[in-house]
Amino acid sequence: VAEAVTATMSGNHKTGIKGSSPDTSGANDTIAQVNDNNFSVSLSETTDGGTTISSSFMLMNENSTPGDLDAGFSLTFTDGSKLDLLNAGNASDSHDISVPASAGSEGLTVATTANAPTGLNFATASTVYGVEYHTAADFMMDGLKMSASYSTDTGAAAVASARVDGHFAVGATYVTTAGDSTVTIGAGYSEAENSKTGTALTSDEGGMHVGISAVTGDLTVAVAYADGDSVENDGTGDSSGSVQNDGEFLAAGVKYVSGDMTFNVGMKSGESKDSDTTGTAGTTVDSYDETSASVSYAVASGVTAYLGYTTQDVDDEGAAVAASSGSSWYIGANMSF
């Protein structure tokens, strides 16, 4: 097509069977089919001055119908730096360390009233009306890359449920070598302002995370920690269900690649105290503990088979949530292009 930008397509078709065994008394073990299908189109073109303009959209995602259509634009400059415009994201979240865990799609649904963190980015809220700037590699020193992001609100009146008005965040990743190992350190800090009608929030959302991973040949070992405050809408607490949540999260994992097979083992642990009403500090603990493992096998180019197993324990206000605790397994395959 004349005057057309460069377009590339990618996606995957992942399907399998998940079995779940909750701790709920009298509950039956269940088996269900799991699908995760995605088809993405990436668009890019380079100006005469060397700046690359890019964007993307997702045509279909079974877990998010009708698809991801809210991507903004990215400008990549000749020095390797990049500026994301609209729906840019949170710079702290951009520098999370990837910690190995099961590569399968197993797991039990966590009750909405249990607000213990289940991931590093629980306190990295932002709005789509923002920008994020990424430095080029080797910024100020070899191996360092940094990001900063900012977003604002729509200007609409606050409603009963707590919402994010804007955020500011910074993040950094540093890569170096130690003997035969490649070591990556990632860290970030984020602050977000919130508003709602009625009782004002006693604290806004924000927090920090730090992590480190080491790759030695086919072996990867990683650990990461996050601490901060988030605002959750869980259907309880004040009339809107908005609660303030003081939490922390720890993850550790190991991955080993042997030929066409990959072995993953990981653990996650999160704790928090959520308020019963906005402005009242929590006194009892919500907790989330997970241990997972998986084996994957590269059957052919772009085709991978998975076998995964996970156990998890969830507490809400110091009491076990039986429906969210127990074990789960997964067997399936993914075809990507």
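In the block above lies the structure referred to throughout.
All of the points below concern the structure found in this document. (Residues numbered from 1 in each chain as written. Predicted model: local features only at pLDDT ≥ 70, side-chain atom pairs only at ≥ 80, totals over all residues. Heavy atoms only, no water.)

1. Overview of the overall build of the chain
Reasoning step 1: Within the chain, the regular secondary structure consists of zero helices and 17 strands.
Reasoning step 2: For 337 residues, the compact-globule estimate of 2.2 N^0.38 gives 20 Å, and the C-alpha radius of gyration of the chain, at 21 Å, lies within 12% of that figure.
Reasoning step 3: Expressed as a percentage of its 337 residues, the buried residues of the chain come to 38%.
Reasoning step 4: Nonlocal contacts in the chain, meaning residues at least 24 apart in sequence, comprise 60% of its contacts between residues at least 6 apart.
Reasoning step 5: A gap of 2 Å separates the mean positions of the 9 positive and 43 negative side-chain charges of the chain. (Helix = DSSP H or I, 4+ residues; strand = E, 2+ residues; numbered from the N terminus. Rg over C-alpha atoms; globule rule 2.2 N^0.38 Å. Buried < 20%, exposed > 50% of the residue type's maximum accessible area, 1.4 Å probe, protein only. Contact = heavy atoms within 4.5 Å. Lys, Arg positive; Asp, Glu negative; His and termini not counted. Charge placed at Lys NZ, Arg CZ, Asp CG, Glu CD.)

2. Regarding the packing of aromatic side chains
Think of a pair of aromatic rings as described by two things: how far the centres are apart, and how the planes are tilted against each other in angle.
Reasoning step 1: Evaluated as defined, the whole model comprises one aromatic pair.
Reasoning step 2: When the ring centre of Tyr 306 is taken as origin, the NZ or CZ atom of Lys 14, which lies over that ring, is 4.9 Å away. (Phe/Tyr/Trp six-rings, centres within 6.5 Å; stacked < 30°, edge-to-face > 60°. Lys NZ or Arg CZ within 6 Å of the ring centre and 35° of its normal.)

3. Some remarks on the side chain of His 167
Reasoning step 1: Along the chain, the position of His 167 falls in strand E8 (residues 163-178).
Reasoning step 2: Polar contacts involving the side chain of His 167 include one to the side chain of Ser 149, which spans 2.8 Å.
Reasoning step 3: Within polar-contact distance, the side chain of His 167 engages the side chain of Ser 151 at 2.5 Å.
Reasoning step 4: Leave out the neighbours within four places in its chain, and His 167 touches Gly 89, Asn 90, Ala 125, Ser 126, Ser 149, Tyr 150, Ser 151, Ser 190, Glu 191 and Ala 192. (Polar contact = N/O pair within 3.5 Å; in protein donor to acceptor, adjacent residues only side chain to side chain.)

4. Things to note about the pairing of strand E11 (residues 219-233)
Reasoning step 1: Here strand E10 (residues 205-216) runs beside E11; their pairing, made up of eleven bridges, is antiparallel. Paired with Gly 206 across the two strands is Asp 229, which belongs to E11.
Reasoning step 2: Hairpin connection from E10 to E11: two residues lie between these consecutive antiparallel strands, with Gly 217 at a positive phi of about 65°. (Pairing = 2+ DSSP bridges.)

5. Concerning the nonpolar core
Reasoning step 1: Of all hydrophobic cores here, the largest spans ten residues; its members are Ile 97, Val 99, Leu 120, Phe 122, Ala 123, Ala 222, Ala 224, Ala 226, Phe 249 and Ala 251.
Reasoning step 2: When residues of this core are traced back to their parent elements, those giving at least two are E11 and strand E12 (242-258).
Reasoning step 3: With three residues, E11 is the largest single contributor of residues to this core.
Reasoning step 4: The contact partners of Phe 249, leaving out residues within four places of it in the chain, are Pro 117, Thr 118, Gly 119, Leu 120, Phe 122, Ala 224, Tyr 225, Ala 226, Lys 268, Ser 269 and Gly 270.
Reasoning step 5: Residues Ala 114, Ala 116, Val 314 and Val 321 belong to the second largest nonpolar core, which totals five residues. (Core = buried A, V, L, I, M, F, W, Y, C linked by side-chain atoms within 4.5 Å.)

6. Thoughts on a negative patch on the surface
Reasoning step 1: The grouping of Asp 23, Asp 227, Asp 246, Glu 248, Glu 271, Asp 289 and Asp 313 at the surface amounts to a negative patch.
Reasoning step 2: Relative to the helices and strands, Asp 227 is located in strand E11. (Patch = residues over 30% accessible without salt bridge, like charges linked within 9 Å, V, L, I, M, F, W, Y side chains within 5 Å. Areas by Shrake-Rupley, 256 points an atom, 1.4 Å probe, with all protein chains shown as cover. Salt bridge = Lys/Arg side-chain N within 4 Å of Asp/Glu carboxyl O.)

7. Things to note about unusual backbone geometry
Reasoning step 1: With phi around 65°, Leu 86 is a residue other than glycine that occupies positive phi space.
Reasoning step 2: Looking at the secondary structure, you find Leu 86 in the loop between strand E5 (82-85) and strand E6 (130-134).
Reasoning step 3: Positive phi, normally seen in glycine, also occurs at Asp 138, with a value near 60°.
Reasoning step 4: Here Asp 138 shows up in the loop between E6 and strand E7 (144-151).
Reasoning step 5: Residue Asp 138 is classed as partly exposed on the basis of its relative accessible area, which comes to 45%.

8. With respect to the pattern of salt bridges
Reasoning step 1: Here the structure, examined in full by the defined rule, presents two salt bridges.
Reasoning step 2: Between Arg 163 and Asp 153 there is a salt bridge; the shortest N-O distance is 3.9 Å. Taken together, the residues Arg 163 in strand E8 and Asp 153 in the loop between E7 and E8 connect sequence positions ten residues apart.
Reasoning step 3: Assessed through its relative accessible area of 27%, Asp 153 is described here as partly exposed.
Reasoning step 4: In this structure, Arg 163 and Asp 165 form a salt bridge, with 3.1 Å as the shortest nitrogen-oxygen distance.

9. Considering the pairing of E6
Reasoning step 1: Burial of E6 is one-sided: the residues Gly 130, Glu 132 and His 134 facing one way are buried, the residues Val 131 and Tyr 133 facing the other way are not.
Reasoning step 2: Here five bridges tie E6 to E7, and the two strands are oriented antiparallel to one another. From the neighbouring strand, Tyr 133 faces E7, where its bridge partner is Ala 148.

10. A look at the environment of Lys 268
Reasoning step 1: Topologically, Lys 268 is positioned in strand E13 (residues 261-274).
Reasoning step 2: Of the residues examined, Lys 268 reaches a relative accessible area of 26% and is grouped as partly exposed.
Reasoning step 3: Sequence spacing of Lys 268 and Val 99 is 169 residues, and the spatial spacing of their C-alpha atoms is 9.5 Å.
Reasoning step 4: Here Lys 268 is in contact with Ala 101, Thr 118, Phe 249, Leu 250, Ala 251, Tyr 288, Asp 289 and Glu 290, once residues within four sequence places are set aside.

11. Quick word on a nonpolar patch on the surface
Reasoning step 1: Judged by side-chain polarity, Val 131, Tyr 150, Phe 168, Val 170, Ile 185, Tyr 189, Met 208, Val 210, Ile 212, Val 223, Leu 250 and Met 267 come together as a nonpolar surface patch covering roughly 930 Å² of accessible area.
Reasoning step 2: Elements represented by at least two residues in the nonpolar patch include exactly E8, strand E9 (181-195) and E10.
Reasoning step 3: Among the elements that take part in the nonpolar patch, E10 stands out by supplying three residues, more than any other.
Reasoning step 4: Its location among the elements puts Val 131 in strand E6.

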